[in-house]
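# Chains, contacts and geometry: an overview
Listed below are the residues making up each chain.
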Amino acid sequence: MDITTMGERIKELRKGAGMTQEELGNKIGVSAQAVSKWECGSVPDTELIPKIADCFDVSIDALFGREYENYDVYELMSKYIVGDTETPKEGLRKEAIERAFETCGMTLSSTIFLRDDNTDNMFAESFHQSMDSVKDMMEHKNKYSESDKDDLTALMDRTEEMPFFLYMPEGKDRGKKLLENTDYGELFSTFADPDFFNAAVWVQGHPISKNAEEPWKVRFTKKTFIEKIGIPEERADELLDKLRRFGLIRVENLELDDTVIPVYYTRCNPYFLMLLQIAYYYLHCPRSFYGSASGRYNPPLNLDD
């Protein structure tokens, strides 16, 4: 019996499930101190071992580190991200988002360091090496990681200011699909207009309404728009129309004293934020990475028939 391995496995499974030592003890019927002793090298009583295994939905062999194949990876990941949902607490959503972001780091680190060898033994060895690198990556002072290979394009930024994760596995005819019936010239030329860009930033950075029924609706008139953006009146209609066409605002016509007045309101568009984020990396490409994998032999768009 490998006591050390069992203690380590219990600790690993407990943390993966988002449980404290006290919570695990309550489920099994022991004290938090008993759980702490197990994790420090003591061994649970024989009759408790099946209960511990059932608690984590693993086999008894898994507690001894002898079996890993029976895990339901989706269930384990869900438990790690959400934790013990039977015990609601403040900040659960914030913690879940942080843990989900950590799993993104695990995903990227695994694929960066995983070698594509021909034999099962070499593949298994590289897999375990990649797992060993995950924790190191998440704690490393360099916050950037990237992969640019034929089968994967990915980037991760773990800075506090702009946490970001992009993961693009190889897609069938992605390049052709991206260029199909799409006028990028209009998009880029429109955003190159300083007045339009300032207007887009203003409407997407406008304070969100506190109206619980329609939190996305922040109404403004053309007069307010002209004052805030600092543009001549003759450009207002043109810019407002472009903002509408690019999905950044909507318009309502209100009737007041037999007069129709167009009223505009912001439309929260997540793609605008994504566009800025990608453009930022394009202009300020990180010069160093914790992990960087390159090995591209085909062009990124790969338009060859």
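What counts and what doesn't
Throughout this description, residue numbers start from 1 for each chain and increase along the sequence as written. Residue-level local features of this predicted model are given only where pLDDT is at least 70; pairs of side-chain atoms are given and counted only at 80 or more, and the full residue set underlies all totals for whole chains, interfaces and linings. With hydrogens and water set aside, each side-chain value is computed from the structure's full complement of heavy atoms. Note on conventions: DSSP H or I runs of at least 4 residues are helices, E runs of at least 2 residues are strands, and numbering of each starts at the N terminus. The length a helix should cover is 1.5 Å for every residue beyond the first. The contact criterion used is simple: two residues touch if any of their non-hydrogen atoms lie within 4.5 Å. Pairs of N or O atoms are called polar contacts if they sit within 3.5 Å, as long as, within protein, a hydrogen donor faces a hydrogen acceptor (for residues adjacent in sequence, only side-chain-to-side-chain pairs). Accessible area is worked out with a 1.4 Å probe on protein chains only. A residue is then buried under 20% of its type maximum, exposed over 50%, and partly exposed in between. Paired strands are those between which DSSP finds at least two bridges.

Side chains that are three or four residues apart share a direction in an α-helix, a result of its 3.6 residues per turn. Here helix H14 (residues 270-283) is 14 residues long and its end C-alpha atoms lie 20 Å apart, about the 20 Å a rise of 1.5 Å per residue gives. Each element contacted by the buried residues of H14 is listed here: strand E1 (144-149), strand E2 (152-157), strand E3 (164-169), helix H10 (184-191) and helix H11 (194-205). Where H14 begins, one side-chain oxygen reaches toward the backbone nitrogen of Tyr-271, 2.9 Å away; that side chain belongs to Asn-269.

Here the focus is unusual backbone geometry. Unusually for a residue other than glycine, Asp-173 sits at a positive phi of about 55 degrees. By secondary structure assignment, the location of Asp-173 is in the loop between E3 and helix H9 (174-179). Residue classification places Asp-173 among the partly exposed residues on the basis of a relative accessible area of 46%. Positioned with a positive phi, Asn-181 is a non-glycine residue whose angle comes to about 50 degrees. By secondary structure assignment, the location of Asn-181 is in the loop between H9 and H10. The exposure class of Asn-181 is exposed, given its relative accessible area of 79%.

Before going further, it helps to spend a moment on the pairing of E2. Burial analysis of E2 places 5 of its 6 residues in the buried class, the great majority of the element. Of the strand pairs in this sheet, E1 and E2 are connected by 6 bridges, and their pairing is antiparallel. Bridge assignment links Glu-146 to a residue of E2, and that residue is Leu-155. What sits between E1 and E2 in their antiparallel hairpin is a turn of 2 residues. The pairing of E2 with E3 spans 6 bridges and is antiparallel. Looking at E3, one finds that Asp-157 is bridged to Phe-164.

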